[in-house]
There are 2 protein chains.
Amino acid sequence: MTMPAPPPPVTSVTRQLSRRSVFEALLHRSPISRADLAKVTGLSKQTMSEVVDAFGQQGLVRQVGRTSGNVGRTAVLYELSPEGGHVLGIDLGARRLTVALADIAGRVLAEADEPTDSRGGAWALDQIARLSDRLARDNHTHPSRIRSIVLATPGVVNPKSGAIEMAPNITGLGHLNVVGLLGEKLGSPVVIENDINLALLGEIWHGCAQNVANVAFLALGSGIGLGLFTNGQLVRGENGAAGEIGYLPIGGDPLQAASRLQGCLEYQVGATGVLRRYREAGGSEVESVMQVFERAQVGDPIAAQVIEETARLIGLAAAAVIAMVDPQLIVLGGSVGARPDFADQVARVLLQLSPRPVEIRTSTLGRRAGVVGALSVALSRLHDAFFGVAELAAALPLPPPAHRSARQ
Amino acid sequence: MTMPAPPPPVTSVTRQLSRRSVFEALLHRSPISRADLAKVTGLSKQTMSEVVDAFGQQGLVRQVGRTSGNVGRTAVLYELSPEGGHVLGIDLGARRLTVALADIAGRVLAEADEPTDSRGGAWALDQIARLSDRLARDNHTHPSRIRSIVLATPGVVNPKSGAIEMAPNITGLGHLNVVGLLGEKLGSPVVIENDINLALLGEIWHGCAQNVANVAFLALGSGIGLGLFTNGQLVRGENGAAGEIGYLPIGGDPLQAASRLQGCLEYQVGATGVLRRYREAGGSEVESVMQVFERAQVGDPIAAQVIEETARLIGLAAAAVIAMVDPQLIVLGGSVGARPDFADQVARVLLQLSPRPVEIRTSTLGRRAGVVGALSVALSRLHDAFFGVAELAAALPLPPPAHRSARQ
DNA sequence: TATTTATTCGGTCTATTGACGAATTAATTT
DNA sequence: AAATTAATTCGTCAATAGACCGAATAAATA
């Protein structure tokens, strides 16, 4: 068994670029010969051989056979080796914990889930460690091979510190240094990101929002939240609180106490809000929003009315998103939002509202979206660690504002 | 007089990087010796000399004296030469046309403005060409030295084609190929961008939003508009229509005919909306929003009430922006928005609304913001043309979603 | 035999290193 | 005070290493 690949030794910028484009080509045209790699990347065959040899020694690529049938000498085919590294995606929800394992090529090797330990906090972290460990061992991967871990969690994640600042649904998570603790338990760097943001990235990677540069993900479940992707980038906001659209001043008096505390929109369309509205409208006793939908389907007019109103408010929120960031697509997700019937209602509302309506789709990954998005981020972090060209990414900064102007 | 620098001959990626960092150092530490450049950039003295010599031959840098007083041999000091290239920023407003000229180092050389030719369309373009030409010649710069031009205009600018798709305030501009016509008249590449977006960039470059990665610019004048800057990038949206917050479903019934057409929020807080509300509330005859403000200042209670309501709605819009993109700062601009008294009112409203209020500032550049922003974009486009590392900027894409998963 | 793959061998470009001369200030001697 | 020497810094030269490409060559196969 090869050792885990050592941190790539310092190579010059240009070699790093070559390595990077070769890796990319390997990623996309999996079994491929060196000659073809040279054609695809535009590098010379010699450079190609050097890079592939280096990758081979690092354990990043492996041979997978030879070409045959073509005129001429046969070529050795290469692909990315699973030995190159593994990544872990974790979705820590209030109810359910999901963990997924993938190799460096993005092949999902395994996925597992359990009910979240209701004691929360440190217990949940232990549970994550246990489940991750099991997943790795069951797939013939030593946990030490895992190089990058991303955790999806509800709440606001500070983009600078990586700390969880508001985790309303999981008790005692806000007070823990999750990055540190989990990183220690699992033995590799952990990054935390908001679950809705990751669900959005999941849909972009493997779901219904592929190849779209401007998408919004509107999640409606027990609460409401938004993920924004513009210019091919996730919008986190200064404090990681972008997308907290529960606080949109829509659907009620924003100065009301309940609105200020819980958020004006969330007060209406959050699960408790929907139930409250149903109750206040004279509906019979129910325990979950799902039940309200069931009632509506069997002809309860009050339930239908409550749902219609919910769709109207979500339509307004979608219109606000459209007015503000002009997405190409809005994905509806979450336990309520992902219902096709509900999405239809929202789309109808939007049609009446917006001068140029935007396509609406329902999440195709459903509750897997978060964990898939976590994998995608873990993966791209791993790739960046290997092949990132950090200093190049920076845009050419403009001259300093302190400059004296000729006339002002 | 040296010839305008030729398009930089194809150099290798690594040399291009060196050139780039040397240029950057020159930009920021204006008069600097080669030895210091070497220290700052980390390049060797030898490479330094090669690059500086090349720059000198291109006319990009020039000598500006020698050091003295220090121990050791004196050093020749260099700075960016104005011969290196000039850029033009143009703000084509409905009322006023402003043009500014800067050199490659970002030094603003001159600025001029005139009332916009009211016949609009082709006449306005002619006017731009005339004014630009005069500005260049008055500053001993042949128009052919201008290498990059950015035009600020109201309306939606398609980010892909660069065409103006909705220019409500300037007649006949939407039907013209402005990029082509103006580029031909002025002899260098023209880029068009929405005026509010450019005002935002202006405030970020030289105004009140320096060194902030997440800002929103809320412009309130005859209409209302928003500029968004997140992760250090401008948010344009899929069709360039990001920030069209006149259509936010705030301040009225969004299903009303007037709301659908003009935008729900704009119907209330746009200039005509403010005047209508003042009239409907029984106010005496006025012609402009400014007059309403004047009335309020001399004690007209109806005017004060109308303005208070306007501030309330802008506060709601700001709250929506905060909920959605979590900026660090909101800049108020436009003829109405830039009034400090009005901004104070908005800030007060926001304090009551938002769980974590965001700092609010008024534009410091005022009506110059657009043209300054245009300059900043023209400048960074010029820099990119010289020193951009286009192919490197692309992020490492994730593996294709078509990959088969082990379990799904 | 024609074709394709892979390797080897120069040649070019870029950047670094160390040595060196040139220019200037500081210190010391006459 | 003037002259000489030392120290320091700037910029160039020459040699070298890393990386890339193109051409030539060997190998393998329809």
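Attention here is on the structure that accompanies the text. (Residues numbered from 1 in each chain as written. Chains lettered and ligands numbered in written order. Predicted model: local features only at pLDDT ≥ 70, side-chain atom pairs only at ≥ 80, totals over all residues. Heavy atoms only, no water.)

With that settled, consider helix 9 (residues 271-280) of chain A. All names here are of chain A. Burial within helix 9 is extensive, with 7 of its 10 residues counted as buried. Listed in full, the buried residues belonging to helix 9 are Ala271, Gly273, Val274, Leu275, Arg276, Arg277 and Tyr278. Looking at the packing, one finds that the buried side of helix 9 touches helix 8 (264-269), helix 10 (289-297) and helix 11 (301-325). Positive backbone phi, at 100 degrees, marks Gly282, one or two positions downstream of helix 9. (Buried < 20%, exposed > 50% of the residue type's maximum accessible area, 1.4 Å probe, protein only. Helix = DSSP H or I, 4+ residues; strand = E, 2+ residues; numbered from the N terminus. Contact = heavy atoms within 4.5 Å.)

This part covers the protein's contact with DNA strand C. The immediate surroundings of DNA strand C are formed by 26 residues, with A:Arg73, A:Val76, B:Arg15, B:Ser18 and B:Arg73 found nearest. The sugar-phosphate backbone supplies 70% of the atoms of DNA strand C found within 4 Å of the protein. One nitrogen or oxygen atom from the side chain of A:Ser49 is found 3.2 Å from a phosphate oxygen belonging to DNA strand C. Here A:Thr74 contributes a backbone N or O atom positioned 3.4 Å from a sugar or linking oxygen of DNA strand C. Broken down by secondary-structure element, the contributors of at least two residues to the surface near DNA strand C are helix 2 (34-41) and helix 3 (45-58) of chain A together with helix 1 (13-28) and helix 3 (45-58) of chain B. (Near = heavy atom within 4 Å. Polar contact = N/O pair within 3.5 Å; in protein donor to acceptor, adjacent residues only side chain to side chain.)

Residues and elements named next belong to chain A. Look at His140: it is not a glycine, yet its phi comes out positive at around 55 degrees. Mapped onto the fold, His140 is located in the loop between helix 4 (121-138) and strand 7 (146-153). Look at His140 and you get exposed, because its relative accessible area is 73%. With phi around 55 degrees, Asn231 is a residue other than glycine that occupies positive phi space.

Looking now at the packing of helix 9 of chain A against helix 10 of chain A. All names here are of chain A. Helix 10 packs onto helix 9 with a crossing angle of 45 degrees between their chain directions and a minimal axis gap of 9 Å. With respect to helix 10, the element helix 9 is oriented oblique. Residues Ala271, Val274, Leu275 and Tyr278 of helix 9 pack against Val289, Val292 and Arg295 of helix 10. Counted by class, the contact of helix 9 with helix 10 contains 6 nonpolar, no polar and 1 charged residues. (Axes fitted to C-alpha atoms, helices over the stretch in contact; angles between N-to-C directions. Parallel < 35°, antiparallel > 145°, perpendicular 65-115°, else oblique. Nonpolar A, V, L, I, M, F, W, Y, C, P; charged D, E, K, R; others polar.)

A word on the relation of the copies chain B and chain A. Here chain B sits on chain A after a turn of 180 degrees about the axis and a move of 0.0 Å along it, with an RMSD of 0.1 Å. Such a combination of turn and shift is consistent with a two-fold rotation axis. Interface overlap between copies is the fraction of interface residues in one copy that are interface residues in the other; for chain B against chain A it reaches 100%, indicating a shared surface. (Least-squares fit on C-alpha atoms with pLDDT ≥ 70 in both.)

Take the packing of helix 2 (residues 34-41) of chain B against helix 3 of chain B next. All names here are of chain B. Two numbers describe how helix 2 lies on helix 3: the axes approach to 9 Å, and their chain directions differ by 115 degrees. Here helix 3 runs roughly perpendicular to helix 2, going by the angle between their axes. As for how helix 2 packs across helix 3, the hand of that crossing is right-handed. Here helix 2 contributes Arg34, Leu37, Ala38 and Thr41 to the contact with helix 3, which in turn contributes Lys45, Met48, Ser49, Val52 and Asp53. Here the contact of helix 2 with helix 3 is built from residues that sort into 4 nonpolar, 2 polar and 3 charged. (Left-handed = near helix turned anticlockwise from the far one by under 90°.)

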